[in-house]
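# A look at the structure
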Amino acid sequence: MTNIPVQEPERQYYYIEKAKEYVQKAAKEAGRPLTFCVTTFGCQMNARDSEKLVGILEKIGYQEETVEEKADFVIYNTCTVRENANMRVYGRLGQLKRMKKKNPHMLIGLCGCMMQEPHVVEKLKTSYKFVDIIFGTHNIYKFAELIVTRYESQRMVIDIWKDTDKIVEDLPSERKFAFKSGVNIMFGCNNFCSYCIVPYVRGRERSRNPKDIIREIERLVADGVVEVMLLGQNVNSYGKNLEEPMSFAQLLEEIEKIEGLERIRFMTSHPKDLSDDLIAVMKKSKKICKHLHLPVQSGSTEILKKMNRRYTKEQYLELVQKIKTAVPDISLTTDIIVGFPGETEEDFLETMDVIKKVRYDSAFTFIYSKRTGTPAATMENQIPEDVVKDRFDRLLKEVQDISAEVCGVHEGTVQSVLVESINDHDDSLVTGRMSNNLLVHFPGNENLIGKIVNVHLKECKGFYYLGEMD
Ligand code: SAH
Ligand code: SF4
Ligand code: F3S
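Here the structure, examined in full by the defined rule, presents 0 disulfides. Cys-37 carries a free sulfur, and the closest cysteine sulfur to it, the one in Cys-111, is 13 Å from it.

Laid out in structure tokens, this is it:
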């Protein structure tokens, strides 16, 4: 018997080799290479996690298949931030069951935030017995090991950890884009906003070591990446728990020094922790993009208090003013929840007032969704559906009207644009992203993908531009 390494990531590289043998054997039986399809629900954290799953799957010999119905291994990386994200997964699982009956090599894996909820796993165990592997958010690095366990046991494999203090570095991952990448700087969340399930399913806040972050970005840059998106539920509290504490502003200054890196983005910023130092760094930086996502959630101080957001309407507006003064061409975006328990018409109008005062480039608007286990779920005065729907429609209209106006102000200017893809509808055009996160379509070909070029913005089409290279 071989000695299985105890240390990570060595242990996982051992299991990757072992899984490869099983996959090769199965492919031989099938008479063709085996394929996988990873579907991601939810936020950028999950998207980044999926890249890690794909990296492992490719290392063990699976090939990517974009059509889910054709794949031998289907993985859903799930989200549970709102109830509708949950329902979609159950619906699609029903279809997978039928596919599995036809394909003897088929495996189904479920992971991500939904799996961290015990009632979900119970339901899967009793009503979805055809699922092969279930794991959570804390142990995705063990994917190869779980695949080996599944091959060896021939039974449903479940491995969920309640929380972790572990961060495993240096595992394979496969980027979706050659020229840009998400980079985790921290995991988990300690804020416990009263409506939010994330702290329960992602665990306590842990920051990665700055050296590991810098090394990862340097490697990405050497591999052709020009833009990074630093990821965390609350990037502004980065570094507080490190052995040698470091602020997010300091981390940004270190990342700025990386030669060859052109653009830095980050999300998400919690208003309560956004420091003057960060504003100063954004003001002088040549690489940080002119875009800040600053979720307000509600404009009513009363509701913000019940949400446990720890800022008032006035503090939020002051912060916005400070940022706009320091970085005048900044684009601001936000998240808003409508229909939080106890929200009155007056509270709602306070939210509308914030929208009118800040004039966001865009806003993600959500109907409050009750998440079992959160404090808000048991609060009194849950708002009736018709009232919420009415407020939601009014909010959406206001948000859209303003963002069409705000978006239009750049018409006639020349902007630097990172070309991301060939246009979906017209292949004589390419689509690129400006520093402020707006999209522009202009004539070009695939050689431009991944390059930063100057584009003259000829016409605003509401939420995007048509342009021409300068
Ligand atoms: N960490 C980020 C948000 C992550 S969740 C932050 O603090 O900004 C993304 C968005 O989903 C939140 O900003 C919030 O607007 C929304 N959201 C979270 N829980 C929700 C719920 N229970 N109902 C409706 N929207 C919710
Ligand atoms: Fe959820 Fe609040 Fe944490 Fe964001 S900061 S993930 S909204 S608890
Ligand atoms: Fe969803 Fe989990 Fe992200 S609940 S929003 S995928 S952290």
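Sheet strands pair by backbone hydrogen bonding; their relative direction is either parallel or antiparallel. Spatially, the 6 strands line up as an open sheet ordered β2-β1-β3-β4-β5-β6, and their pairing is parallel. Looking along the sheet, the strands with just one partner apiece sit at the ends: β2 (63-64) and β6 (157-159). In the packing of helix α2 (residues 44-59) onto the sheet, contacts are made with β1 (35-40), β2, β3 (73-78), β4 (107-112) and β5 (133-135), and the angle to β1 comes to roughly 170°. Across the sheet, helix α3 (residues 83-102) is in contact with β1, β3 and β4; its angle to β3 comes to roughly 170°.

Where charged atoms from two side chains of opposite charge approach closely, those side chains can pair. Under the criterion given, the structure shown has 40 salt bridges. Between Lys-322 and Asp-276 there is a salt bridge whose closest N-O contact spans 2.8 Å. Here Lys-322 is found in helix α11 (residues 313-326), whereas its partner Asp-276 is found in helix α9 (residues 276-284), with 46 residues between them in sequence. Given the relative accessible area of 41%, Lys-322 is considered partly exposed. Of the residues examined, Asp-276 reaches a relative accessible area of 48% and is grouped as partly exposed. Here Arg-433 ties to Glu-420 by a salt bridge, and the two come within 3.2 Å at their closest N and O atoms. Of the two residues, Arg-433 sits in strand β16 (residues 429-434) while Glu-420 sits in strand β15 (residues 414-422), which places them 13 residues apart along the sequence. Glu-420 shares its class with Arg-433; the two are buried.

What counts, and where the lines are drawn
Residues numbered from 1 in each chain as written. Chains lettered and ligands numbered in written order. Predicted model: local features only at pLDDT ≥ 70, side-chain atom pairs only at ≥ 80, totals over all residues. Heavy atoms only, no water. Disulfide = S-S within 2.5 Å. Pairing = 2+ DSSP bridges. Helix = DSSP H or I, 4+ residues; strand = E, 2+ residues; numbered from the N terminus. Contact = heavy atoms within 4.5 Å. Axes fitted to C-alpha atoms, helices over the stretch in contact; angles between N-to-C directions. Salt bridge = Lys/Arg side-chain N within 4 Å of Asp/Glu carboxyl O. Buried < 20%, exposed > 50% of the residue type's maximum accessible area, 1.4 Å probe, protein only.

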